[in-house]
Amino acid sequence: MDKDIFKKVDEYIGDLLGQEDEVLKNTIQSLDQAGMPQISVSANQGKFLQVLMALGNVKTVLELGTLGGYSTIWLARALPEDGKIITLEIDEHHAEVARRNIAKAGFSDKVKVRVGKALDLLPQMEADGEGPFDMIFVDADKPPYAEYFKHALALSRPGTLIICDNVIREGKVLDAESTDERVQGVQRFNQLLANTLQVTATILQTVGAKDYDGMAIAVVNRAN
Ligand code: SAH
Ligand code: DHB
Ligand code: MG
């Protein structure tokens, strides 16, 4: 199928509703300058996260996978005055680049970049009684997505939004024989999501500027 139309429509939507300013453009450029991969969310996906934040009245965000802080800046811009973001990043160099971009965006006080392996930092956060967060955005390495989701639930309250990026992988999730550990990771996660009655969830396919993929959206159920 011709994907050109998806890119063009993504630009059309972006021109209308998802415009990047110099800070966001410079953040994307900083990735090239620092030899980092261009795997940030797209502009329209950043705007989509902002819409979800507004819907959920989100004041506190936990992000897994910072890269250069591009998604973090979109998230920070949708925070209220007293809002806060903690973003976890395994790579010290990525964290440094992100802190610089976040500072240029004016959010050093609202955003803390924590360096470490998410699977080490998350249990520590639980033990320290951190959270519950209003929104958790999972966008780090894909093999442990199911474990990340369990930790996200532990750091949630009824109403928390849990968003997980890249769970369709150009449709490779359909291949039950896939030997790609990223595909296997999101397949395990998607099944866990389906089995978790504690959340109301779906997956949106994402097309446009980035490769064909999908974003899982779960809301922790309120008691009924
Ligand atoms: N959310 C970012 C993109 C994140 S890319 C954006 O949209 O702008 C994924 C990031 O996760 C990379 O920076 C990578 O270094 C980091 N990462 C990979 N494995 C990790 C782990 N085990 N714990 C924490 N971060 C990890
Ligand atoms: C990859 C990771 C991402 O978070 C993403 O949005 C796209 C690609 C990757 O590791 O290839
Ligand atoms: Mg991603």
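Everything here concerns the structure above.
Note that the structure is predicted; figures quoted are calculated from it, not measured. (Residues numbered from 1 in each chain as written. Chains lettered and ligands numbered in written order. Predicted model: local features only at pLDDT ≥ 70, side-chain atom pairs only at ≥ 80, totals over all residues. Heavy atoms only, no water.)

A. Local environment of the site of ligand 1. Close to ligand 1 lie 21 residues, the nearest being Val41, Gly65, Glu89, His94 and Asp139. Here aspartate 139 contributes a side-chain N or O atom positioned 2.9 Å from a nitrogen atom of ligand 1. Taking 580 Å² as the accessible area of ligand 1 by itself, protein coverage stands at 91%. (Near = heavy atom within 4 Å. Polar contact = N/O pair within 3.5 Å; in protein donor to acceptor, adjacent residues only side chain to side chain. Areas by Shrake-Rupley, 256 points an atom, 1.4 Å probe, with all protein chains shown as cover.)

B. Structural detail: the pattern of salt bridges. Under the defined criterion, the tally for this structure stands at 10 salt bridges. Close ionic contact of arginine 77 with aspartate 21 constitutes a salt bridge, the shortest N to O distance being 2.7 Å. You can see arginine 77 sitting in helix H4 (residues 70-77) and its partner aspartate 21 sitting in the loop between helix H1 (4-17) and helix H2 (22-33), a full 56 residues away along the chain. Owing to a relative accessible area of 33%, arginine 77 belongs among the partly exposed residues under this scheme. (Salt bridge = Lys/Arg side-chain N within 4 Å of Asp/Glu carboxyl O. Helix = DSSP H or I, 4+ residues; strand = E, 2+ residues; numbered from the N terminus. Buried < 20%, exposed > 50% of the residue type's maximum accessible area, 1.4 Å probe, protein only.)

C. Looking closely at the site of ligand 2. For ligand 2, the full set of nearby residues is Ile39, Asp139, Lys142, Asp165, Asn166 and Arg169. The side chain of aspartate 139 places a nitrogen or oxygen atom 2.7 Å from an oxygen atom of ligand 2. A distance of 2.8 Å separates an oxygen atom of ligand 2 from a polar atom in the side chain of asparagine 166. In isolation ligand 2 exposes 300 Å². Once the protein is present, 69% of that is buried. When grouped by side-chain class, the residues that make up the shell around ligand 2 number 1 nonpolar, 1 polar and 4 charged. (Nonpolar A, V, L, I, M, F, W, Y, C, P; charged D, E, K, R; others polar.)

D. Structural view of the coordination of the magnesium ion (ligand 3). For the magnesium ion (ligand 3), every protein donor is listed as Asp139 (OD), Asp165 (OD) and Asn166 (OD1), and the spread of their distances is 2.0 to 2.1 Å. Donor residues for the magnesium ion (ligand 3), ordered by position in the chain, follow D-x25-D-N. Separated by 27 residues along the polypeptide, aspartate 139 in the loop between strand E4 (135-138) and helix H7 (145-154) and asparagine 166 in the loop between strand E5 (161-165) and helix H8 (181-195) bring together distant segments of the chain. (Donors = N, O, S within 2.8 Å, 3.2 Å for Na, K, Ca; no water.)

E. Spotlight on the environment of leucine 52. With respect to the helices and strands, the residue leucine 52 is situated in helix H3 (residues 43-55). Sequence-wise, leucine 52 and lysine 8 are 44 residues apart; in three dimensions their C-alpha atoms are separated by 24 Å. Residues in contact with leucine 52, not counting those within four places in the same chain, are Val58, Leu161 and Ile163. (Contact = heavy atoms within 4.5 Å.)

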